[in-house]
Amino acid sequence: MNSAHDNPPSQHAETRLVTSGRDTKAQKGFVNPPVFHGSTVLYPTAEDLHAHRGEFQYGRHGTPTTRALQDTLMALEGPQCAGVGLVPSGLSAISTTLLAVLKAGDHLLICDNVYRPSRNFANGLLSRFGVETTYFDPLIGGAIEKLFKPNTRAVLVEAPGSQSFEMPDIPAIAEVAHARGALVIDDNTWATPLYHRSLEQGVDISMQAATKYIGGHSDIMFGTISANAKAWPLLSETIRLLGVCAGPDDVFLALRGMRTLAVRLAQHQRSGLEMARWLAARPEVARVLHPALETDPGHAIWKRDFTGASGLFSIVLKPAPQKAVDAMLDTLKLFGMGFSWGGFESLVIPFDCDSYRTATKWSPGGPTLRLHIGLENVEDLKADLDRGFAAFNAAI
(Lines give C-alpha, C1' and ligand atoms only; values in the text may rest on other atoms or scores of the structure.)
Protein backbone atom coordinates (compact mmCIF):
# COMPACT_ATOMS: atom_id res chain seq x y z
CA MET A 1 0.00 0.00 0.00
CA ASN A 2 1.23 3.50 -0.76
CA SER A 3 0.58 6.86 0.86
CA ALA A 4 -2.57 8.91 0.31
CA HIS A 5 -0.88 10.92 -2.40
CA ASP A 6 -0.39 7.78 -4.54
CA ASN A 7 -4.03 6.68 -4.41
CA PRO A 8 -5.93 7.00 -7.71
CA PRO A 9 -8.28 10.02 -7.51
CA SER A 10 -11.11 7.82 -8.78
CA GLN A 11 -11.13 5.74 -5.61
CA HIS A 12 -14.23 6.09 -3.46
CA ALA A 13 -13.99 7.57 0.03
CA GLU A 14 -14.59 4.21 1.70
CA THR A 15 -11.56 2.77 -0.11
CA ARG A 16 -9.36 5.76 0.69
CA LEU A 17 -10.21 5.40 4.37
CA VAL A 18 -8.87 1.85 4.33
CA THR A 19 -5.83 2.27 2.11
CA SER A 20 -4.44 5.75 2.76
CA GLY A 21 -1.52 6.33 5.10
CA ARG A 22 -0.33 2.73 4.81
CA ASP A 23 2.92 1.38 3.38
CA THR A 24 3.09 -2.33 4.15
CA LYS A 25 6.60 -2.67 2.72
CA ALA A 26 7.96 0.02 5.04
CA GLN A 27 5.92 -1.53 7.84
CA LYS A 28 7.73 -4.88 7.38
CA GLY A 29 4.53 -6.44 6.07
CA PHE A 30 2.31 -5.41 8.97
CA VAL A 31 -1.08 -3.94 8.07
CA ASN A 32 -0.96 -0.99 10.51
CA PRO A 33 1.85 1.55 10.87
CA PRO A 34 3.73 1.30 14.17
CA VAL A 35 3.19 3.72 17.03
CA PHE A 36 6.26 5.89 17.38
CA HIS A 37 6.78 7.05 20.97
CA GLY A 38 9.49 9.62 20.67
CA SER A 39 10.74 13.11 21.23
CA THR A 40 14.40 13.15 20.14
CA VAL A 41 15.37 12.41 16.56
CA LEU A 42 19.09 11.72 16.06
CA TYR A 43 21.02 13.16 13.11
CA PRO A 44 23.71 11.02 11.47
CA THR A 45 26.20 13.84 10.86
CA ALA A 46 26.97 17.35 12.08
CA GLU A 47 26.16 18.66 8.61
CA ASP A 48 22.69 17.10 8.79
CA LEU A 49 22.19 18.60 12.25
CA HIS A 50 23.21 22.11 11.14
CA ALA A 51 20.92 21.92 8.11
CA HIS A 52 18.03 20.34 10.05
CA ARG A 53 18.11 17.74 7.31
CA GLY A 54 15.80 14.79 7.76
CA GLU A 55 12.24 13.68 7.16
CA PHE A 56 11.50 14.04 10.87
CA GLN A 57 13.29 16.49 13.16
CA TYR A 58 11.57 16.35 16.54
CA GLY A 59 8.67 14.36 17.97
CA ARG A 60 6.47 17.41 18.49
CA HIS A 61 6.71 18.23 14.79
CA GLY A 62 5.60 14.80 13.62
CA THR A 63 6.39 11.11 13.40
CA PRO A 64 5.63 8.37 10.88
CA THR A 65 2.47 7.66 12.91
CA THR A 66 1.18 11.22 12.65
CA ARG A 67 2.12 11.28 8.96
CA ALA A 68 -0.04 8.21 8.34
CA LEU A 69 -3.08 9.87 9.94
CA GLN A 70 -2.48 13.15 8.12
CA ASP A 71 -2.24 11.34 4.78
CA THR A 72 -5.49 9.51 5.48
CA LEU A 73 -7.31 12.71 6.42
CA MET A 74 -5.99 14.52 3.36
CA ALA A 75 -7.25 11.72 1.15
CA LEU A 76 -10.68 12.01 2.76
CA GLU A 77 -10.82 15.81 2.58
CA GLY A 78 -10.07 15.83 -1.14
CA PRO A 79 -7.70 17.70 -3.48
CA GLN A 80 -8.43 21.10 -1.94
CA CYS A 81 -6.68 20.02 1.26
CA ALA A 82 -3.09 21.31 1.47
CA GLY A 83 -2.34 20.08 4.98
CA VAL A 84 -3.77 18.67 8.21
CA GLY A 85 -2.86 19.67 11.75
CA LEU A 86 -3.33 17.28 14.68
CA VAL A 87 -4.10 18.76 18.09
CA PRO A 88 -5.08 17.38 21.51
CA SER A 89 -8.83 18.17 21.45
CA GLY A 90 -11.66 19.62 19.42
CA LEU A 91 -11.51 22.86 21.39
CA SER A 92 -7.78 23.03 20.72
CA ALA A 93 -8.58 22.78 17.00
CA ILE A 94 -10.91 25.77 17.34
CA SER A 95 -8.57 27.90 19.47
CA THR A 96 -5.50 27.11 17.36
CA THR A 97 -7.34 27.97 14.16
CA LEU A 98 -8.66 31.29 15.45
CA LEU A 99 -5.24 32.28 16.82
CA ALA A 100 -3.74 31.43 13.43
CA VAL A 101 -5.98 33.69 11.37
CA LEU A 102 -6.63 36.62 13.75
CA LYS A 103 -4.58 39.40 15.32
CA ALA A 104 -5.27 42.36 17.61
CA GLY A 105 -7.69 44.79 15.99
CA ASP A 106 -9.39 42.19 13.79
CA HIS A 107 -13.10 41.46 13.58
CA LEU A 108 -14.56 37.94 13.64
CA LEU A 109 -18.04 36.77 12.61
CA ILE A 110 -19.42 33.67 14.37
CA CYS A 111 -22.61 31.73 13.72
CA ASP A 112 -24.98 32.06 16.68
CA ASN A 113 -25.51 28.28 16.88
CA VAL A 114 -21.82 27.59 17.38
CA TYR A 115 -20.41 25.09 19.91
CA ARG A 116 -20.53 26.97 23.23
CA PRO A 117 -16.79 26.62 24.07
CA SER A 118 -16.04 28.36 20.74
CA ARG A 119 -18.13 31.29 21.95
CA ASN A 120 -16.39 31.22 25.33
CA PHE A 121 -12.97 31.35 23.65
CA ALA A 122 -13.99 34.30 21.48
CA ASN A 123 -15.60 36.21 24.35
CA GLY A 124 -12.74 35.39 26.70
CA LEU A 125 -9.24 35.08 25.30
CA LEU A 126 -9.81 36.69 21.91
CA SER A 127 -11.48 39.74 23.41
CA ARG A 128 -8.55 40.17 25.80
CA PHE A 129 -6.24 40.07 22.80
CA GLY A 130 -8.19 42.85 21.07
CA VAL A 131 -10.31 40.81 18.64
CA GLU A 132 -13.93 41.93 18.25
CA THR A 133 -16.61 39.27 17.66
CA THR A 134 -20.07 39.66 16.14
CA TYR A 135 -22.56 36.78 16.18
CA PHE A 136 -24.98 36.23 13.32
CA ASP A 137 -28.16 34.32 12.58
CA PRO A 138 -27.17 30.93 11.13
CA LEU A 139 -29.85 31.37 8.45
CA ILE A 140 -28.49 34.70 7.23
CA GLY A 141 -26.96 33.37 3.99
CA GLY A 142 -25.62 36.04 1.65
CA ALA A 143 -27.14 38.79 3.79
CA ILE A 144 -24.12 38.36 6.05
CA GLU A 145 -22.55 41.04 3.85
CA LYS A 146 -24.14 43.75 5.97
CA LEU A 147 -22.21 42.58 9.04
CA PHE A 148 -18.77 42.88 7.46
CA LYS A 149 -16.40 45.60 8.57
CA PRO A 150 -13.16 46.74 6.94
CA ASN A 151 -11.25 44.66 9.52
CA THR A 152 -13.33 41.46 9.28
CA ARG A 153 -10.82 38.65 8.81
CA ALA A 154 -12.75 35.42 9.33
CA VAL A 155 -16.19 33.81 9.51
CA LEU A 156 -16.79 30.76 11.70
CA VAL A 157 -19.75 28.50 10.87
CA GLU A 158 -21.02 25.22 12.25
CA ALA A 159 -23.18 23.15 9.93
CA PRO A 160 -25.44 22.10 11.43
CA GLY A 161 -25.22 23.56 14.93
CA SER A 162 -24.62 20.67 17.31
CA GLN A 163 -27.53 21.54 19.63
CA SER A 164 -30.18 23.41 17.66
CA PHE A 165 -29.28 22.06 14.18
CA GLU A 166 -29.90 25.11 12.00
CA MET A 167 -28.22 24.66 8.62
CA PRO A 168 -26.24 27.69 7.38
CA ASP A 169 -25.76 28.19 3.65
CA ILE A 170 -21.98 27.82 3.56
CA PRO A 171 -21.42 28.48 -0.18
CA ALA A 172 -23.42 31.74 0.03
CA ILE A 173 -21.52 32.86 3.13
CA ALA A 174 -18.18 31.88 1.57
CA GLU A 175 -18.88 33.86 -1.59
CA VAL A 176 -19.41 37.03 0.44
CA ALA A 177 -16.46 36.36 2.75
CA HIS A 178 -14.00 35.75 -0.06
CA ALA A 179 -15.13 38.87 -1.90
CA ARG A 180 -14.24 40.79 1.27
CA GLY A 181 -10.90 39.01 1.74
CA ALA A 182 -11.97 36.97 4.77
CA LEU A 183 -11.36 33.30 5.49
CA VAL A 184 -14.20 30.84 6.16
CA ILE A 185 -13.84 28.31 8.98
CA ASP A 186 -16.18 25.35 9.39
CA ASP A 187 -16.69 23.13 12.42
CA ASN A 188 -17.35 19.94 10.47
CA THR A 189 -17.59 17.53 13.41
CA TRP A 190 -21.23 16.47 12.84
CA ALA A 191 -20.83 15.10 9.31
CA THR A 192 -17.04 14.61 9.07
CA PRO A 193 -15.37 15.01 5.66
CA LEU A 194 -16.91 11.67 4.68
CA TYR A 195 -20.35 13.27 4.40
CA HIS A 196 -19.42 16.93 3.96
CA ARG A 197 -16.32 17.96 2.02
CA SER A 198 -16.56 21.58 3.04
CA LEU A 199 -13.19 22.55 1.55
CA GLU A 200 -14.83 22.00 -1.84
CA GLN A 201 -17.67 24.40 -0.96
CA GLY A 202 -15.65 27.51 -0.25
CA VAL A 203 -14.42 26.73 3.25
CA ASP A 204 -10.75 27.55 3.86
CA ILE A 205 -10.30 25.68 7.14
CA SER A 206 -12.32 22.64 8.22
CA MET A 207 -12.04 21.53 11.85
CA GLN A 208 -13.26 18.48 13.67
CA ALA A 209 -13.47 17.27 17.21
CA ALA A 210 -11.98 13.90 16.28
CA THR A 211 -12.88 12.92 19.83
CA LYS A 212 -16.27 12.17 18.31
CA TYR A 213 -16.75 10.12 15.12
CA ILE A 214 -13.13 9.72 14.05
CA GLY A 215 -12.19 8.21 17.40
CA GLY A 216 -15.56 6.51 17.53
CA HIS A 217 -15.11 4.71 20.85
CA SER A 218 -15.33 7.48 23.50
CA ASP A 219 -11.75 6.87 24.60
CA ILE A 220 -9.63 9.69 23.16
CA MET A 221 -9.48 13.48 23.11
CA PHE A 222 -8.41 14.69 19.68
CA GLY A 223 -8.79 17.48 17.14
CA THR A 224 -7.97 17.91 13.46
CA ILE A 225 -7.55 21.03 11.34
CA SER A 226 -7.62 20.71 7.55
CA ALA A 227 -6.79 23.73 5.41
CA ASN A 228 -6.54 24.74 1.77
CA ALA A 229 -3.42 26.14 0.16
CA LYS A 230 -4.27 29.72 1.15
CA ALA A 231 -4.77 28.99 4.84
CA TRP A 232 -2.35 26.11 5.49
CA PRO A 233 0.80 28.26 5.90
CA LEU A 234 -0.93 30.24 8.68
CA LEU A 235 -2.06 27.03 10.39
CA SER A 236 1.22 25.16 10.16
CA GLU A 237 3.20 28.12 11.53
CA THR A 238 0.79 28.62 14.45
CA ILE A 239 0.79 24.92 15.35
CA ARG A 240 4.58 25.02 15.49
CA LEU A 241 4.72 28.27 17.48
CA LEU A 242 2.11 27.15 20.02
CA GLY A 243 3.74 23.75 20.42
CA VAL A 244 0.44 21.88 20.19
CA CYS A 245 0.66 18.20 19.33
CA ALA A 246 -1.26 15.00 19.94
CA GLY A 247 0.00 12.01 21.90
CA PRO A 248 1.14 8.98 19.87
CA ASP A 249 -1.38 6.53 21.30
CA ASP A 250 -4.28 8.88 20.60
CA VAL A 251 -2.95 9.35 17.06
CA PHE A 252 -2.95 5.58 16.60
CA LEU A 253 -6.50 5.26 17.96
CA ALA A 254 -7.70 8.06 15.67
CA LEU A 255 -6.08 6.32 12.72
CA ARG A 256 -7.72 3.04 13.72
CA GLY A 257 -11.06 4.85 13.97
CA MET A 258 -10.63 6.20 10.43
CA ARG A 259 -10.50 2.66 9.04
CA THR A 260 -14.05 1.91 10.23
CA LEU A 261 -15.51 5.43 9.93
CA ALA A 262 -17.54 4.65 6.81
CA VAL A 263 -19.33 1.60 8.22
CA ARG A 264 -19.90 3.18 11.63
CA LEU A 265 -21.22 6.46 10.27
CA ALA A 266 -23.53 4.65 7.85
CA GLN A 267 -25.05 2.76 10.77
CA HIS A 268 -25.33 5.93 12.89
CA GLN A 269 -27.13 7.56 9.97
CA ARG A 270 -29.57 4.68 9.44
CA SER A 271 -30.39 4.29 13.11
CA GLY A 272 -30.51 8.04 13.68
CA LEU A 273 -33.04 8.63 10.92
CA GLU A 274 -35.21 5.72 12.03
CA MET A 275 -35.22 7.00 15.60
CA ALA A 276 -35.88 10.58 14.45
CA ARG A 277 -38.92 9.51 12.45
CA TRP A 278 -40.19 7.37 15.32
CA LEU A 279 -39.80 10.28 17.74
CA ALA A 280 -41.55 12.68 15.34
CA ALA A 281 -44.66 10.48 15.65
CA ARG A 282 -44.62 10.43 19.46
CA PRO A 283 -47.35 12.48 21.17
CA GLU A 284 -44.82 13.81 23.70
CA VAL A 285 -42.59 15.33 20.95
CA ALA A 286 -43.43 18.69 19.43
CA ARG A 287 -40.55 18.82 16.92
CA VAL A 288 -37.49 16.89 15.81
CA LEU A 289 -34.45 18.96 14.86
CA HIS A 290 -32.65 16.89 12.22
CA PRO A 291 -31.66 18.40 8.85
CA ALA A 292 -31.86 15.07 7.02
CA LEU A 293 -35.60 14.87 7.73
CA GLU A 294 -37.69 16.11 4.81
CA THR A 295 -39.75 18.26 7.21
CA ASP A 296 -36.72 20.11 8.61
CA PRO A 297 -36.27 23.77 7.52
CA GLY A 298 -32.63 23.09 6.66
CA HIS A 299 -33.28 19.96 4.62
CA ALA A 300 -32.80 21.54 1.19
CA ILE A 301 -29.36 22.88 2.11
CA TRP A 302 -28.41 19.58 3.72
CA LYS A 303 -29.48 17.65 0.62
CA ARG A 304 -27.52 20.00 -1.65
CA ASP A 305 -24.28 20.14 0.34
CA PHE A 306 -24.08 16.86 2.28
CA THR A 307 -23.95 13.22 1.23
CA GLY A 308 -25.05 11.82 4.59
CA ALA A 309 -26.00 12.48 8.19
CA SER A 310 -24.69 11.32 11.54
CA GLY A 311 -26.49 10.05 14.62
CA LEU A 312 -26.81 13.37 16.47
CA PHE A 313 -30.04 15.39 16.58
CA SER A 314 -32.37 17.09 19.04
CA ILE A 315 -36.05 16.97 19.98
CA VAL A 316 -38.39 19.56 21.43
CA LEU A 317 -40.80 18.08 23.95
CA LYS A 318 -44.29 19.41 24.46
CA PRO A 319 -44.48 21.80 27.43
CA ALA A 320 -43.84 19.95 30.68
CA PRO A 321 -42.32 20.63 34.11
CA GLN A 322 -38.65 19.92 34.73
CA LYS A 323 -39.55 17.09 37.09
CA ALA A 324 -41.17 15.22 34.19
CA VAL A 325 -38.05 15.60 32.02
CA ASP A 326 -35.86 14.45 34.91
CA ALA A 327 -38.11 11.46 35.54
CA MET A 328 -37.68 10.46 31.91
CA LEU A 329 -33.90 10.87 32.02
CA ASP A 330 -33.58 8.89 35.26
CA THR A 331 -35.60 6.02 33.79
CA LEU A 332 -33.44 5.54 30.68
CA LYS A 333 -30.95 2.68 30.76
CA LEU A 334 -29.46 2.56 27.25
CA PHE A 335 -29.19 6.33 26.84
CA GLY A 336 -26.42 7.54 29.08
CA MET A 337 -26.25 11.14 30.22
CA GLY A 338 -22.93 12.63 29.17
CA PHE A 339 -21.45 15.62 27.34
CA SER A 340 -20.08 14.15 24.16
CA TRP A 341 -21.17 12.07 21.17
CA GLY A 342 -19.80 10.12 18.26
CA GLY A 343 -19.04 6.94 20.19
CA PHE A 344 -20.72 3.56 19.90
CA GLU A 345 -23.10 4.29 22.77
CA SER A 346 -26.34 6.26 22.78
CA LEU A 347 -26.47 9.46 24.82
CA VAL A 348 -29.00 12.09 25.89
CA ILE A 349 -28.64 15.51 27.52
CA PRO A 350 -31.12 18.31 28.23
CA PHE A 351 -30.03 21.71 26.94
CA ASP A 352 -31.20 25.31 26.72
CA CYS A 353 -29.48 27.77 24.36
CA ASP A 354 -31.36 30.82 25.63
CA SER A 355 -28.71 32.17 28.00
CA TYR A 356 -25.94 32.30 25.41
CA ARG A 357 -27.70 33.21 22.15
CA THR A 358 -27.13 36.85 21.24
CA ALA A 359 -28.05 37.24 17.55
CA THR A 360 -31.15 35.05 17.63
CA LYS A 361 -33.83 34.17 20.13
CA TRP A 362 -34.02 30.56 21.30
CA SER A 363 -37.64 29.83 22.04
CA PRO A 364 -38.43 26.21 21.09
CA GLY A 365 -41.75 26.06 22.97
CA GLY A 366 -40.84 23.18 25.26
CA PRO A 367 -37.97 21.34 26.96
CA THR A 368 -35.23 20.22 24.59
CA LEU A 369 -33.12 17.07 24.56
CA ARG A 370 -30.12 16.25 22.40
CA LEU A 371 -29.80 12.58 21.44
CA HIS A 372 -26.89 10.66 20.03
CA ILE A 373 -28.01 7.39 18.48
CA GLY A 374 -25.32 4.78 18.96
CA LEU A 375 -24.82 1.34 17.52
CA GLU A 376 -27.35 -0.50 19.66
CA ASN A 377 -30.39 -2.18 18.11
CA VAL A 378 -32.99 0.50 17.36
CA GLU A 379 -35.86 -1.59 18.71
CA ASP A 380 -34.09 -1.73 22.06
CA LEU A 381 -33.54 2.03 21.93
CA LYS A 382 -37.22 2.60 21.16
CA ALA A 383 -38.22 0.40 24.08
CA ASP A 384 -35.88 2.35 26.37
CA LEU A 385 -37.35 5.68 25.29
CA ASP A 386 -40.86 4.27 25.54
CA ARG A 387 -40.22 3.52 29.22
CA GLY A 388 -38.78 6.98 29.61
CA PHE A 389 -41.84 8.62 28.08
CA ALA A 390 -44.07 6.61 30.41
CA ALA A 391 -42.20 8.08 33.37
CA PHE A 392 -42.39 11.53 31.71
CA ASN A 393 -46.18 11.30 31.36
CA ALA A 394 -46.64 9.96 34.90
CA ALA A 395 -44.75 12.96 36.34
CA ILE A 396 -46.77 15.66 34.55
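Cut-off values and rules
Residues numbered from 1 in each chain as written. Predicted model: local features only at pLDDT ≥ 70, side-chain atom pairs only at ≥ 80, totals over all residues. Heavy atoms only, no water. Helix = DSSP H or I, 4+ residues; strand = E, 2+ residues; numbered from the N terminus. Rg over C-alpha atoms; globule rule 2.2 N^0.38 Å. Buried < 20%, exposed > 50% of the residue type's maximum accessible area, 1.4 Å probe, protein only. Contact = heavy atoms within 4.5 Å. Areas by Shrake-Rupley, 256 points an atom, 1.4 Å probe, with all protein chains shown as cover. Lys, Arg positive; Asp, Glu negative; His and termini not counted. Charge placed at Lys NZ, Arg CZ, Asp CG, Glu CD. Phe/Tyr/Trp six-rings, centres within 6.5 Å; stacked < 30°, edge-to-face > 60°. Lys NZ or Arg CZ within 6 Å of the ring centre and 35° of its normal. Axes fitted to C-alpha atoms, helices over the stretch in contact; angles between N-to-C directions. Parallel < 35°, antiparallel > 145°, perpendicular 65-115°, else oblique. Left-handed = near helix turned anticlockwise from the far one by under 90°. Nonpolar A, V, L, I, M, F, W, Y, C, P; charged D, E, K, R; others polar. Pairing = 2+ DSSP bridges. pLDDT = per-residue confidence, 0-100. Salt bridge = Lys/Arg side-chain N within 4 Å of Asp/Glu carboxyl O.

With that out of the way, let us pick up the overall build of the chain. Looking only at helices and strands, the chain has 13 helices and eleven strands in total. Against the 2.2 N^0.38 benchmark of 21 Å for 396 residues, the chain shows a C-alpha radius of gyration of 22 Å, consistent with a compact globule. Seen through its C-alpha atoms, the chain measures out along the principal axes to roughly 75 × 55 × 35 Å. Residues counted as buried form 56% of the 396 residues belonging to the chain. Sequence-distant contacts in the chain: of pairs separated by 6 or more residues, those separated by 24 or more amount to 72%. Counting every atom, the chain has about 16800 Å² of accessible surface; 56% of that belongs to carbon and sulfur. A distance of 1 Å separates the average location of the 36 positive side-chain charges in the chain from that of its 40 negative side-chain charges.

Quick look at the packing of aromatic side chains now. Here the structure, examined in full by the defined rule, presents three aromatic pairs. Their ring planes at 70 degrees and their centres at 6.1 Å tell us that Trp190 and Phe306 sit as a pair that is edge-to-face. Here Trp190 is found in the loop between strand S5 (183-187) and helix H7 (192-195), whereas its partner Phe306 is found in the loop between helix H11 (299-305) and strand S9 (312-317), with 116 residues between them in sequence. On the basis of relative accessible area, Trp190 is assigned to the buried category, the value being 2%. Across the ring face of Tyr135, the terminal group of Arg119 is positioned such that the distance to the ring centre comes to 4.1 Å.

Looking now at the environment of Glu55. As for its placement among the helices and strands, Glu55 is situated in the loop between helix H2 (46-50) and helix H3 (64-77). Taking the relative accessible area as the measure of exposure, Glu55 reaches 60% and is therefore exposed. Here the alpha-carbon distance between Glu55 and Val41, two residues 14 residues apart in the chain, equals 10.0 Å.

As a further point, take the packing of helix H4 (residues 90-101) against helix H8 (residues 232-242). Contact geometry for H4 and H8: axes closest at 9 Å, N-to-C directions at 115 degrees. Judged on the interaxial angle alone, H8 and H4 are roughly perpendicular. Two packed elements cross with a definite hand, and for H4 against H8 that hand is right-handed. Within the contact between the two elements, H4 uses Thr96, Thr97, Leu99, Ala100 and Val101 and H8 uses Leu234, Leu235, Thr238, Ile239 and Leu242. Grouping the amino acids of the contact of H4 with H8 by side-chain chemistry returns seven nonpolar, three polar and no charged.

What follows is about the sheet that holds strand S4 (residues 152-158). Taken in spatial order, the seven strands make up an open sheet running S1-S7-S6-S5-S4-S2-S3, and their pairing is mixed. Two strands lie at the open edges of the sheet, namely strand S1 (83-87) and strand S3 (132-136), each paired on one side alone. Averaged over all pairs of adjacent strands, the angle between strand axes in this sheet comes to 20 degrees, irrespective of strand direction. Summarising the sheet, S5 and strand S6 (residues 205-208) pair through three bridges and their orientation is parallel. Bridging across to S6, Asp186 finds its partner in Ser206. The strands touched by H8 are S1, S5, S6 and strand S7 (223-227); relative to S1, the strand with the most contacts, the crossing angle is about 30 degrees.

Pairing is antiparallel across the open sheet formed by four strands, whose spatial order is S8-S9-S11-S10. This sheet does not close on itself; its edge strands, each paired only once, are strand S8 (285-289) and strand S10 (347-351). On average, each strand axis in the sheet is inclined to that of its neighbour by 25 degrees, with strand direction left out of account. Here S8 pairs with S9 via four bridges, running antiparallel.

Moving on, we get to the confidence of the model for the chain. In the predicted model, the chain carries a mean pLDDT of 95, and 98% of its residues have values of at least 70. Between residues 1-5, whose pLDDT stays under 50, and residues either more than four places distant or in other chains, the model counts 18 contacts.

A word on the pattern of salt bridges. Using the criterion set out here, one finds 19 salt bridges in the structure. Between Arg53 and Asp48 there is a salt bridge, and its shortest N-O distance comes to 2.6 Å. The shortest N-O distance in the salt bridge between Arg67 and Glu55 comes to 3.1 Å. Taken together, the residues span a long stretch of sequence, with Arg67 in helix H3 and Glu55 in the loop between H2 and H3 at a distance of twelve residues. Via salt bridges that share partners, Glu47, Asp48 and Arg53 belong to a single interconnected network.

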